[in-house]
Amino acid sequence: MTYAAPGAPPVGSVNPGLAAETARLINRIGTLCWVEMRKIRHDRTELYTRAIQPALWLLIYGEVFTRVHAIPTPAGIPYLAYLAPGIMAQSALFIAIFYGIQIIWERDAGVLTKLMVTPTPRSALITGKAFASSVRSLIQGVVVIIIAALLGVSFTDNPLRLIAALAILALGSAFFSCLSMTLAGVVVARDRLMGIGQAITMPLFFSSSALYPTKIMPGWLQVISRINPLTYEVEALRGLLIGTQTTLWLDVVVLVGATVLAITCAALLLPRLANR
């Protein structure tokens, strides 16, 4: 039998400090997600307008390229089915990449300063805001799934795979929102951040596998695609929703690693943004 040293916590017990920090982080994330939901409930206009772009991608681009068979898909999967997960990821990207503008607005309104003086760690604050931004992305993802299903796309009927796909979408959205908050900490101005966001959004999208398989890209673009987190998000979504072959554990590891790195960078730059 193993005995704990005098004054030490019992063997196998959970560190109370760690448990308290974890509970605080979860509470912060839940609170910020609830705030985001309240914003959406009071103003649904953005949800309706943001649904137009993915609908056009599926209705026009997807339908046309399904008919012309110009882009090879694995295992003879219809191109519209192949495209739908990519459009889900694209919709989440377009929402998350401009999330830093909201942080700058909160700074200008004095909200960020008030949050900074609370005992909540900066990393927990960034994490909470990152996953709060995922609320809009998840709603957008569900909209894309519904539109694609109405167009005849057959997704998995396994509820666990559907939930896992939404979790991947939330994780990808958290990464790109943290990337946006990191850029906000660097440029500290809304107009500059808007310009940078517009400059990097389409290159991120077109250098991923959202529209076409990586294997048909030029060699230099394949290299960029392999270091683009959006590619791993899209591949994970395809594997879960339509059953294409993918290394799911690698996709998850890359997304988690990229998100942790982005949270760290954004947390380090948060004081610089708050003090400008």
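An account of the accompanying structure is given in this report. Sequence order as written defines residue numbering, which begins from 1 separately in each chain. Per-residue local features of the predicted model are confined to residues with pLDDT of at least 70, and side-chain atom pairs are confined, for both listing and counting, to 80 or more; whole-chain, interface and lining totals are unaffected and use all residues. Calculation of side-chain values draws on the structure's entire complement of heavy atoms; hydrogens and water are dropped beforehand.

It is worth spelling out the overall build of the protein at this point. We count a stretch as a helix when DSSP gives it H or I for four or more residues in a row; a strand needs E for two or more, and each element gets its number in order from the N terminus. Of the regular secondary structure elements, the protein holds twelve helices and zero strands. Counted from the first residue to the last, the protein has its helices and strands arranged as α-α-α-α-α-α-α-α-α-α-α-α. Note that the radius of gyration is over C-alpha atoms, with the globule rule given as 2.2 Å times the number of residues to the power 0.38. In terms of overall size, the protein behaves like a compact globule, its C-alpha atoms giving a radius of gyration of 21 Å where 276 residues would be expected to give roughly 19 Å. Seen through its C-alpha atoms, the protein measures out along the principal axes to roughly 70 × 60 × 40 Å. With 276 residues in all, the protein has 48% of them scored as buried. Positive charges come from Lys and Arg alone, negative charges from Asp and Glu alone, with His and the N- and C-terminal ends not counted. Taken as the charge location is NZ of Lys, CZ of Arg, CG of Asp or CD of Glu. For the protein, the centre of its 21 positive side-chain charges and the centre of its 12 negative side-chain charges are spaced 6 Å apart. Buried means the residue's accessible area, taken with a 1.4 Å probe over protein chains only, is under 20% of the maximum for its type, while exposed means over 50%, and partly exposed covers the values in between.

Glancing now at the packing of aromatic side chains. Here the aromatic set is Phe, Tyr and Trp, taking the six-membered ring for Trp, and pairing holds for ring centres within 6.5 Å; pairs whose planes are under 30 degrees apart are stacked, those over 60 apart are edge-to-face, and all others are tilted. Taken as a whole, this structure holds nine aromatic pairs when the rule is applied. Note on Phe65 and Tyr79: the rings are 6.1 Å apart at their centroids and 45 degrees apart in plane angle, and the pair reads as tilted. A residue pair is termed long-range when its members are at least 10 positions apart, and Phe65 in helix 3 (residues 52–68) and Tyr79 in helix 4 (residues 79–96) qualify at 14 residues. Take Phe65: its relative accessible area is 25%, and that puts it in the partly exposed class. Overall, Tyr79 belongs to the buried group, its relative accessible area being 4%. Within the aromatic cluster, the residues linked to one another by ring pairs are Trp57, Tyr61, Phe65, Tyr79, Tyr82, Phe94, Phe205 and Phe206.

Take the buried residues of types Ala, Val, Leu, Ile, Met, Phe, Trp, Tyr and Cys, join any two whose side-chain atoms come within 4.5 Å, and each joined set is a nonpolar core. If you look at the biggest cluster of nonpolar residues, it comprises 75 residues, and the most contacted ones within it are Leu58, Leu93, Ile126, Phe155, Phe176 and Met181. It is helix 4 that contributes the most residues to this core, 13 residues altogether.

Moving on: the environment of Gly86. Inspection of the secondary structure puts Gly86 in helix 4. For the pair Gly86 and Ile147, spaced 61 residues apart in sequence, the C-alpha to C-alpha distance is 14 Å.

What follows concerns the layout of surface pockets. Its boundaries defined by the atoms lining it, the largest pocket holds a volume of some 490 Å³. Together, 18 residues line the largest pocket, and Thr214, Thr231, Glu235, Gln245 and Thr246 are the ones closest to its centre. Going through the elements one at a time, helix 10 (219–226), helix 11 (229–241) and helix 12 (248–274) are the ones with two or more residues in the lining of the largest pocket. When residues in the lining of the largest pocket are grouped by element, the largest group, four residues, is from helix 11. Space inside and on the surface of the protein is sampled on a 1 Å grid over the protein atoms alone, with a cavity defined as a set of points where a 1.4 Å probe fits but cannot get out and a pocket as an open set with protein on both sides within 12 Å along at least 5 of 7 lines; lining residues have an atom within 4 Å of a point. Grid points are joined across faces, edges and corners, and a volume is the space filled by probe spheres set on the points.

The next thing to look at is the side chain of Ser91. Here Ser91 lies in helix 4. Pairs of residues are marked as contacts when any of their non-hydrogen atoms sit within 4.5 Å. With sequence-adjacent residues up to four places away left out, Ser91 is seen in contact with Pro54, Gln140 and Val144.

Once that is clear, we can look at helix 10. Those residues of helix 10 not exposed but buried are Leu221, Gln222 and Ser225. Buried residues of helix 10, viewed axially, fall in a sector of 105 degrees; they line one side. Buried residues belonging to helix 10 abut helix 9 (190–206) and helix 11. Working note: the arc is built from the helix axis to C-beta atom directions.

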